[in-house]
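Geometric and topological summary
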Amino acid sequence: MIESLKKTAQAAVAALQTAGADKAQANVAYTVTHEFNVDGGEFSLFRTLFDKQLAMTAIQGGKKGTVAQNRYDEKTIEESAKACLEAAASAQPDENWDLAPVSENEDFVQGEPTPDTDKLFDRCRELMADIQARFPKIMMEQMIVSHKEIMKAKANSYGVLYSTHEGLYSVDLLFSAHEGDKASSFFGSGVVTDSLDRPFMELGSIEKDLKDVENQIETTGVSGKFEGTMVVMPGCLASLFYSLLSDFAGEGGLLSGTSPWKDRLGEKVADERITLSLAPLDERIVCGERTTGEGFRAENFDVIQNGRLNAFALGLYAANKLKLPRGKNDSFNMVVAPGDTSIDQIIASIDKGILVGRFSGGQPSSNGDFSGVAKNSFLIENGKIGPALSETMISGNMADMLNRLRAVSSEQVADGMMVLPYMAFDGITISGK
Amino acid sequence: MIQDLLTDKKYLFASGANSELRAQRNLNRRAVLLNGALVGNVRTEQFGVSARVYENGVYGFSSTAEYTDETVKAVLQAASENAAFLARHAGKGKGPHKAMAPGSSRTAYDLNDVEQRTYIEFIQALDSYIAGKYPDLVSRTVIATADSMEKLLCVSNGTDGHSVLPRSYIYVVMTVAGADGKPVELFKVIGGGYGTFDRNFSKPESYYAEIDKLYEDLRQKAEGVYPEAGNKTVILGGILSGMLAHEAVGHTVEADLVLGGSVAGPNLNKRVGSELVNLVDYAHTALGKPTPLPIYVDDEGTAATDAVLIKDGILVGYMNNRESAERFNMVPTGNARAYLFSDEPLIRMRNTAVLPGTSKLEDMIASIDDGYYLLDTNNGQADTTGEFMFGVTFGYEIKKGKLGRALLDTTISGVAFDMLKTVDMVSDEMIWASSGMCGKKQPMPVGMGGPALKCRVTIGGR
């Protein structure tokens, strides 16, 4: 199958060149998914999906077009090549479009390509039973457990030819806790893994998340408004840093010229204890990307290194246009270096603050201002975790926040997609009703 | 139009089970100009066939990207085997869904797949206008987007259908430097709605006035203020009341979320809003006009009708699929929708709206001594408890019954069934929006709308 996909990718590149492309690229994939669903605490659905993908990109005279569809028979390839060139012909020329030059082609195999569906179902049932026994107040709104086998090939007109055969299991939970008519907020937890050797309960932060949510049925509001310390749980840190990478260090903020960091490459932008990497090759990341969308071999890189802005997360086009180095992978596999203080010690050091499990907020402004509701969160008072909170808002500025770091925890949570610690920031505005 | 390879496979449907076959094509077209550079120029298509079988209280599903007589049979066989596997291990001892009268629903719409250059040339014209007239912008983005779903459905029990749901829009995003030099941004959906791009957009100059208004609003915003934080009296404009209808109320009354423990469970037939509050999830016709995104039959073969959710402030119903309707002893109204051929139908909203009242907007503003008029949003999230948060991107202060300074970006929050009880004026004009995608395992195009609501919410300030 892999060899066939490679040939299809090369055939698609050839079709694009025949249709007139100066530079051409094709991505071809075949995916098989096995998925179990639990709804309202009961098994509801078992599905198997067989899908194909073909994405073709043409650059002609500096004009770029892309078409994608889920067929790759000969006729479709020929028609798509024409459609791709038509799309490109409508664009205006831009010399910055390009593709990766050939380096060392390779066939990658990773994860567990062949599913053990019976064992997957058993692990799923085991998790349901564990939750029922140990966390009786939890109501499982939805659980989705799946295995995905992906075979893909990438070719371009410079001679790049990669293939990847990978398989991974994923677990996604959405749940809340209930006692009588009282209920917690809902919360999502999940992991990806390439092994069914361990019970799902032991992976990522699933066990802790279930325990936290059981403690969020009774809530209180904060009174008034105060400036305090915000301790961000690892799962919540992912969503905050996602915005940071997009708006400050990503193509959107830099191409539009709105990023506050646009002229600050190499400068200190954060506390020196912060190192944020994009690391799909980290051993704790499951089936991280091995090649970028433009055909480069993926490499790990630091966006922020000891507080200094080390690199932007830019694709080749944006890098050429802005005359900046490109990012060395396209992933959001964030790895934040741990600190040397335990989360318990961090909490003990805080007089008044908030432990935030989920941030429900508007998209932060391009200037970094954020404001939203602290969900699945706890009050911190006099060095101790207090009651769960409701109707509590937090606001601040992302750029300022990075320079007001109190501590990074020594503990990290690895969920197969990211490796993140707890982080505590001072100077956050916390307000109640 | 999708060739019918499904109807003649009905003989394969097993007795004692509910079976569905669906062939589906999704088209997406997108062109993006960022500061004049074409950074997005993409056409995608996804096409295939799926089968779903309900047996002994559980579903089996299978799909494939190949659409032939053989693959139709194969996915039906695979779906049956999957249902049997799950029934063996987790069956619930249930029979098939209640019988429905057989029927047929056909959408008459000629789905014209517009050439990519049409999108590009149109936004280039708009971009040239913006660049020429407003050189002080830090950044400008113009996006043309079109998507469509064509479905052919064949069911063992209910209404077979052929449906087409096309929509197309233009987005304009502008950024200027604010008073402190930091960027201030505002965006607007310019025109569009149900229909292909060629039918919705003819002359770029028709949209210059809307672009000018966007720039004028942005300039006011750049000189604006942050609202004072706290629980305040506000008027939510129609875009925000539509967001409220969808996010804060709509999701909590989706029956699958009710079964998952949402706040709507213990509140059925109880007061959840003031008597001025009425809320309906419309199928294809609302207040005598076609809805923004009309749905005539859902993906389980249920003919679509309106789902009345709140009547005179009382929660009276949920949105259901056939299974949940039987569980709650309600009538299914056609809310089971799937996004791609490879997606199973989920309980989804269609066109969810707060109904208009009798107040005039100017009287509502005049009645507020100190509050805010909130007009636009870029984001909304809500909890199954009904606690919601909306990002507010544009609005005004209200001081002594008159509009004051514009607002910088802020956030509002509240608990839906508490906040709706504070509604004491409802305007007589509706505003609909339909460009958004609802996210719930799968994306889904949805419409939402409402009048202006006077109520109390918590506003974020800074």
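None of the values given here were measured: they were computed from a predicted structure.

With respect to the overall build of chain B
Tallying secondary structure elements over chain B gives nine helices and 26 strands in all. Relative to the compact-globule value of 23 Å for 462 residues, chain B shows a C-alpha radius of gyration of 24 Å, a close match. Along the first, second and third principal axes, the C-alpha atoms of chain B reach 70 × 55 × 40 Å. Relative to its 462 residues, chain B shows a buried fraction of 58%. Pairs at least 24 residues apart make up 73% of the contacts formed inside chain B by residues separated by at least 6 positions.

Considerations on the overall build of chain A
In terms of helices and strands, chain A carries nine helices and 22 strands. Taking 22 Å as the expected radius of gyration for a compact globule of 433 residues, we find that chain A reaches 24 Å, a close match to that expectation. With the principal axes as the frame, chain A shows a C-alpha extent of 70 × 55 × 35 Å. Buried positions account for 56% of the 433 residues belonging to chain A. The contacts of chain A with a sequence gap of at least 6 include a subset with a gap of at least 24, amounting to 71%.

Re the domain arrangement of chain A
A common measure of how large an interface is: the accessible area buried when the components associate. Residues and elements named next belong to chain A. Domain parsing of chain A yields domain 1 (2–211) and domain 2 (225–431). Its C-alpha centre places domain 1 at a distance of 25 Å from the equivalent point of domain 2. Sorting the residues of the side of domain 1 that touches domain 2 by element identifies strand 4 (107–111), strand 5 (138–156), strand 6 (161–179) and strand 8 (187–193) as the ones contributing at least two each. Broken down by element, the residue count for the side of domain 1 that touches domain 2 peaks at five residues, all from strand 8. Taken together, the residues that form the side of domain 1 that touches domain 2 break down as ten nonpolar, twelve polar and four charged.

A few points about the sheet that holds strand 25 (residues 447–450) of chain B
Residue and element names in this part refer to chain B. The sheet built from six strands is open, its strands ordered 13-12-9-16-25-22 with mixed pairing. The sheet terminates laterally at strand 13 (314–315) and strand 22 (431–433), the two strands that pair on one side only. Sheet topology places strand 9 (residues 279–282) next to strand 16 (residues 351–354); four bridges connect them, and they run antiparallel. By the bridge assignment, Leu279 is partnered in strand 16 with Val354. Contacts from helix 5 (residues 238–250) reach strand 9, strand 12 (307–311), strand 16, strand 22 and strand 25 within the one sheet, and its direction differs from that of strand 25 by about 120 degrees.

As for the domain arrangement of chain B
All names here are of chain B. The domain architecture assigned to chain B consists of domain 1 (7–222) and domain 2 (230–459). Here domain 1 and domain 2 have C-alpha centroids that lie 21 Å from each other. Contacts between domain 1 and domain 2 engage 41 residues on the former and 23 residues on the latter. When residues of the side of domain 1 that touches domain 2 are traced back to their parent elements, those giving at least two are strand 1 (18–34), strand 2 (37–55), strand 3 (58–64), strand 4 (103–106), strand 5 (139–155), strand 6 (159–177), strand 7 (183–194) and helix 4 (208–222). Sort the elements by how many residues they give to the side of domain 1 that touches domain 2 and strand 6 lands first, with seven residues. For the side of domain 1 that touches domain 2, a count of residues per class yields 14 nonpolar, 18 polar and nine charged.

Observations regarding the nonpolar core
Counting 272 residues, the largest nonpolar core has Leu16(A) and Val356(A) as its most contacted members. If we ignore the near neighbours within four places in the chain, the residues touching Leu16(A) are Ala21(A), Ala24(A), Met56(A), Ala58(A), Ala81(A) and Cys84(A).

Here we look at the packing of helix 2 (residues 74–90) of chain A against helix 2 (residues 116–133) of chain B
For the pair helix 2 of chain A and helix 2 of chain B, the least separation of the axes is 8 Å and the interaxial angle reads 15 degrees. Relative to helix 2 of chain B, the element helix 2 of chain A lies roughly parallel. Once helix 2 of chain A is placed against helix 2 of chain B, the crossing between them reads as right-handed. Across from Glu86(A), Ala87(A) and Ser90(A) in helix 2 of chain A, the residues of helix 2 of chain B making contact are Gln116(B), Arg117(B) and Ile120(B). In terms of residue class, the contact of helix 2 of chain A with helix 2 of chain B is built from two nonpolar, two polar and two charged.

Some points on the pairing of strand 19 (residues 384–389) of chain A
All names here are of chain A. Alignment of strand 9 (residues 219–220) against strand 19, held across two bridges, turns out to be parallel. Its bridge partner lying in strand 19, Thr219 is registered against Ala388. Here three bridges tie strand 18 (residues 378–381) to strand 19, and the two strands are oriented antiparallel to one another. Pairing of Ile380 across the sheet is with Ile385, part of strand 19.

Comments concerning helix 5 (residues 234–247) of chain A
Taking 1.5 Å per residue as the helical rise, helix 5 of chain A with its 14 residues ought to reach 20 Å, and the 20 Å between its terminal C-alpha atoms agrees with that figure. Among all positions in helix 5 of chain A, only Pro234(A), Gly235(A), Cys236(A), Leu237(A), Phe241(A), Leu244(A), Leu245(A) and Asp247(A) are buried.

Examining the interface of chain B and chain A
The interface is formed by 65 residues belonging to chain B together with 60 residues belonging to chain A. The element contributing the most residues to the side of chain B that touches chain A is strand 2 of chain B, with eleven residues. Of the residues in the side of chain B that touches chain A, the class split is 23 nonpolar, 30 polar and twelve charged. Taken together, the six bridges between strand 2 (residues 42–60) of chain A and strand 3 of chain B define a ladder with parallel strand orientation. Residue pairing across strands places Thr48(A) opposite Ser62(B), the latter belonging to strand 3 of chain B.

Overview of unusual backbone geometry
Residues and elements named next belong to chain A. The backbone phi angle of Cys287 is positive, close to 55 degrees, even though this residue is not glycine. Looking at where Cys287 falls in the secondary structure, it is placed in the loop between strand 11 (276–278) and strand 12 (301–305). Taking the number of C-beta atoms within 10 Å as the measure of exposure, Cys287 has 22 and is therefore buried. The phi dihedral of Asn376 falls on the positive side, at around 45 degrees, and the residue is not glycine. Inspection of the secondary structure assignment puts Asn376 in the loop between strand 17 (369–375) and strand 18. With 27 C-beta atoms counted inside 10 Å, the residue Asn376 sits in the buried group.

Considerations on helix 2 of chain B
With 18 residues, helix 2 of chain B should cover 26 Å at 1.5 Å per step; its first-to-last C-alpha distance of 26 Å lies within 8% of that length. Among the residues of helix 2 of chain B, Gln116(B), Tyr119(B), Ile120(B), Phe122(B), Ile123(B), Gln124(B), Leu126(B), Asp127(B) and Ile130(B) are the ones counted as buried.

So, the packing of helix 1 (residues 2–18) of chain A against helix 2 of chain A
Residue and element names in this part refer to chain A. The geometry of helix 1 relative to helix 2 is characterised by a closest axis approach of 9 Å and an angle of 45 degrees between their N-to-C directions. Here helix 1 lies oblique to helix 2, going by the angle between them. At the point where helix 1 passes helix 2, the crossing takes the right-handed sense. Every residue of helix 2 that contacts helix 1 at Ala11, Ala12, Ala15 and Leu16 is listed here: Ile77, Glu78, Ala81 and Cys84. In the contact of helix 1 with helix 2, the residues fall into seven nonpolar, no polar and one charged.

Reading the values: rules and limits
- Residues numbered from 1 in each chain as written.
- Chains lettered and ligands numbered in written order.
- Predicted model: local features only at pLDDT ≥ 70, side-chain atom pairs only at ≥ 80, totals over all residues.
- Helix = DSSP H or I, 4+ residues; strand = E, 2+ residues; numbered from the N terminus.
- Rg over C-alpha atoms; globule rule 2.2 N^0.38 Å.
- Buried ≥ 20, exposed ≤ 12 C-beta atoms within 10 Å, placed from the backbone.
- Contact = placed C-beta atoms within 7 Å.
- Domains from an automatic or database assignment.
- Nonpolar A, V, L, I, M, F, W, Y, C, P; charged D, E, K, R; others polar.
- Pairing = 2+ DSSP bridges.
- Axes fitted to C-alpha atoms, helices over the stretch in contact; angles between N-to-C directions.
- Core = buried A, V, L, I, M, F, W, Y, C linked by C-beta atoms within 7 Å.
- Parallel < 35°, antiparallel > 145°, perpendicular 65-115°, else oblique.
- Left-handed = near helix turned anticlockwise from the far one by under 90°.
- Expected span 1.5 Å × (residues − 1).

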